[in-house]
Amino acid sequence: YHLALPKLYLINHRIFPTPHNVYSGVPFNTEMLYAVGLALGGESLATLIPWGLSIAILYAIAVWARRFADGQVGLIAALLFYSCPMVAIATWFGLVELNWCFFNLLAVLALLIWLERSAHFGPLWFMVIGVFAGLAGGVKYNALTILGGIPALLLWTRIRRQGRDWTQWAPEAGLFLLAALVAVSPWLLKNQVFYHNPIFPLFNEFFTGASGGPDWQGLLQDANARNLRATFTTWRGFTDLFSVPWSKEWEGSGMHSTGIALLLFIPWLFFARKRSGQEAPSVYQSLSWILAFNWATWGLSSRLPRFFIFSIPLLAILLAMSLLSRSGGAGFRRSIAWVVILACIPNCCLIFNYWFKLGGWKVVLGQESRSEYLLHGKPGYFTPYYAAAQFVNEELPKNSRILFFEESRGYYFERDFVATSFFAPNPFVAFVNQSTKPGQLRDYLTKEGITHVFLNRAEMFRRGGKSPFSKEGALIFDAFAGRYLRK
């Protein structure tokens, strides 16, 4: 949906409601960037955006190091960040986590600048921090947790620095939250207008009072949402909260792996001496608090490692600060640098292995055409539908509107289409089950402007092969297909 929905908007020349796709309600900051890329240069330009953001994150790390540490710390932090397999691999796909990572890092960097020189910045600076936090929230609902972390850190800082004189905290936090909500509000307003639920699809029955809507709880489970009841009522669930970094999910071969380097050096955070200097301890402690808050909010909401990417730059910076403590001499720092480089080599091998298995390099080198590549399955790309897309794009009239059945993906189609995502009720299935005769089903499709139906049998069998129709509905559909459909 990250690329398919923006492309569907471009085909129709407008943003419009697609309630049959539950993902159309999530904030779309990244997807709108993809829309610009698709309009100007197609998928090649659109999928360069995550890579460009990764370079921007490296630059933000360099800015942080120049202000709060030194160049060597910045280089080590950048190496730890970019050699993390799920970071490097995310730069190849049309995902959104690197946008979340970028804006979250800018918000934290702006906050650290205020902590360093609060006397030199007026209250409007909190609006700057809030805009960055709101832009992060405009990438993914999960990112809105920062709206609780930064005010809490501000309160702690006020109490620590000024004792009881923390009355300034309320207006500062208010400005921050106001700016953040303004930045994320376009997507909340869009959802309210389209779906009568500002946070669609979450809690849809609460906002709309309608049952039988999107299965948002199933959607959360698909994202490895944590079972809070089991977490706090069973020993296994509680220990899992702290053992996740060393579990099998983090040892995967693709975009859910942190690699060995970060995990190898995490224990150092608990034993290394803090950097000396007047400002460094404050920065170190603030970063530690933010990272701990991020870990808690992520750990209590999801077990999916990829959703922790937004904190990888902060973790890399803290590790670099700890490893290259000023308590060691130049020789010690050089030794640590080489240890980090050696620890990153297995990460690079894992990244290369995943890149090699994807096989896109064959297209780049001219050994395989783009069409040949897309006709065959790849990791994460099962039951390819590209052959159907080729036929549609070459043979069907421009004004065709295609109803997808047992298929949710439609990016490669150049015609208007209606595709239902996995966790949304399929309106076509509901209507088939309610129809009493084939002609009633034909009239429904005609009213919706449907000219063709696309069925992906391979995808249907991959999902279990069961018919979604009732016994009577299956008979109606078979009669309709025999009378009104032709191949």
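Residues numbered from 1 in each chain as written. Predicted model: local features only at pLDDT ≥ 70, side-chain atom pairs only at ≥ 80, totals over all residues. Heavy atoms only, no water.

**Focus: the overall build of the protein chain**
Thought 1: Broken down by element type, the protein chain carries 24 helices and three strands.
Thought 2: Here the C-alpha atoms of the protein chain give a radius of gyration of 25 Å, agreeing with the 23 Å that 2.2 N^0.38 yields for 487 residues.
Thought 3: Across its three principal axes, the protein chain shows a C-alpha extent of roughly 80 × 55 × 50 Å.
Thought 4: Considering the protein chain as a whole, with its 487 residues, one finds that 49% of them fall into the buried category.
Thought 5: Long-range pairs, those at least 24 residues apart, make up 71% of the contacts in the protein chain with a sequence separation of at least 6.
Thought 6: Surface accessibility of the protein chain: about 23,600 Å² in total, with carbon and sulfur atoms responsible for 64%.
Thought 7: Charged side chains in the protein chain number 42 positive and 27 negative. The centres of these two groups are separated by 5 Å. (Helix = DSSP H or I, 4+ residues; strand = E, 2+ residues; numbered from the N terminus. Rg over C-alpha atoms; globule rule 2.2 N^0.38 Å. Buried < 20%, exposed > 50% of the residue type's maximum accessible area, 1.4 Å probe, protein only. Contact = heavy atoms within 4.5 Å. Areas by Shrake-Rupley, 256 points an atom, 1.4 Å probe, with all protein chains shown as cover. Lys, Arg positive; Asp, Glu negative; His and termini not counted. Charge placed at Lys NZ, Arg CZ, Asp CG, Glu CD.)

**Re the layout of surface pockets**
Thought 1: The calculated volume of the second largest pocket comes to roughly 1,100 Å³.
Thought 2: Surrounding the second largest pocket, 33 residues form its lining, Val453, Phe454, Leu485, Arg486 and Lys487 being those nearest its centre.
Thought 3: Sorting the residues of the lining of the second largest pocket by element identifies helix H20 (386-395), strand S1 (401-405), helix H22 (438-447), strand S3 (452-455), helix H23 (457-462) and helix H24 (471-484) as the ones contributing at least two each.
Thought 4: Of the residues forming the lining of the second largest pocket, the biggest block, six residues, is contributed by H24.
Thought 5: Along the lines of polarity and charge, the residues of the lining of the second largest pocket split into 21 nonpolar, six polar and six charged. (1 Å grid on protein atoms, 1.4 Å probe; cavity = no way out; pocket = protein on both sides within 12 Å on 5 of 7 lines; lining within 4 Å. Points joined across faces, edges and corners; volume = space filled by probe spheres on them. Nonpolar A, V, L, I, M, F, W, Y, C, P; charged D, E, K, R; others polar.)

**Considerations on the pairing of S1**
Thought 1: Most of S1 is tucked away: four of the five residues are buried.
Thought 2: By the bridge criterion, three bridges tie S1 to strand S2 (residues 416-418) in an arrangement that is parallel. Its bridge partner lying in S2, isoleucine 402 is registered against phenylalanine 417.
Thought 3: In this sheet, S3 lies alongside S1 in parallel orientation, the contact comprising four bridges. Residue pairing in the sheet places leucine 403 in a bridge with valine 453 of S3. (Pairing = 2+ DSSP bridges.)

**A short note on unusual backbone geometry**
Thought 1: Geometrically, the link from phenylalanine 200 to proline 201 is a cis peptide bond, its omega value of 5° lying close to zero.
Thought 2: Although it is not a glycine, histidine 196 adopts a positive phi angle of roughly 60°.
Thought 3: Inspection of the secondary structure assignment puts histidine 196 in the loop between helix H9 (169-195) and helix H10 (204-208).
Thought 4: Its identity as a non-glycine residue notwithstanding, glutamate 406 has a phi of 60°, on the positive side.
Thought 5: Looking at the secondary structure, you find glutamate 406 in the loop between S1 and S2.
Thought 6: Of the residues examined, glutamate 406 reaches a relative accessible area of 14% and is grouped as buried.

**Some remarks on a nonpolar patch on the surface**
Thought 1: On the surface, Val36, Leu40, Leu45, Leu48, Trp51 and Ile55 cluster together into a nonpolar patch covering about 580 Å² of accessible area.
Thought 2: At the level of elements, helix H2 (29-46) and helix H3 (48-68) are the ones that each hand at least two residues to the nonpolar patch.
Thought 3: Inspection of the secondary structure assignment puts tryptophan 51 in helix H3.
Thought 4: Assessed through its relative accessible area of 43%, tryptophan 51 is described here as partly exposed. (Patch = residues over 30% accessible without salt bridge, like charges linked within 9 Å, V, L, I, M, F, W, Y side chains within 5 Å. Salt bridge = Lys/Arg side-chain N within 4 Å of Asp/Glu carboxyl O.)

**Structural notes on the side chain of threonine 91**
Thought 1: Relative to the assigned elements, threonine 91 resides in the loop between helix H5 (85-90) and helix H6 (97-116).
Thought 2: Separated by 2.5 Å, the side chain of threonine 91 and the backbone oxygen of alanine 88 make a polar contact.
Thought 3: Not counting the four nearest positions on each side in its chain, threonine 91 is found in contact with Thr47, Pro50, Trp51, Ser54, Tyr82 and Leu98. (Polar contact = N/O pair within 3.5 Å; in protein donor to acceptor, adjacent residues only side chain to side chain.)

**Examining the pattern of salt bridges**
Thought 1: Tallied over the full model, the rule gives 13 salt bridges.
Thought 2: Arginine 370 serves as the salt-bridge partner of glutamate 43, at 3.0 Å between the closest nitrogen and oxygen. With glutamate 43 in helix H2 and arginine 370 in helix H19 (residues 370-374), the pair connects residues that are 327 residues apart, well separated along the chain.
Thought 3: Given a relative accessible area of 39%, arginine 370 falls into the partly exposed group.

**Topic: the sheet that holds S2**
Within a beta sheet, neighbouring strands are joined by backbone hydrogen bonds and run either parallel or antiparallel to one another.
Thought 1: Read from one edge of the open sheet, three strands run S2-S1-S3, paired in parallel fashion. Both edges of this open sheet fall to S2 and S3, since each of them pairs with a single strand only. The average undirected angle you get between the axes of adjacent strands in this sheet is 30°. (Axes fitted to C-alpha atoms, helices over the stretch in contact; angles between N-to-C directions.)

**So, the nonpolar core**
Thought 1: Ranked by size, the top nonpolar core spans 119 residues in total, and within it Trp64, Leu80, Leu111, Leu287 and Phe413 carry the most contacts.
Thought 2: If we skip the residues at most four places from it in the chain, leucine 111 touches Ile129, Ile150, Leu153, Leu154 and Ile290.
Thought 3: Core analysis: the second largest hydrophobic core is formed by 14 residues, Leu403, Val429, Val432 and Phe469 among them. (Core = buried A, V, L, I, M, F, W, Y, C linked by side-chain atoms within 4.5 Å.)

**Quick look at the confidence of the model for the protein chain**
Reading predicted coordinates in detail is not appropriate for stretches of low pLDDT.
Thought 1: In this model, the protein chain carries an average pLDDT of 88, and 94% of its residues clear a pLDDT of 70 or more.
Thought 2: Low pLDDT, under 50, characterises residues 274-280; the predicted model gives this stretch 15 contacts beyond four residues in sequence or across chains. (pLDDT = per-residue confidence, 0-100.)

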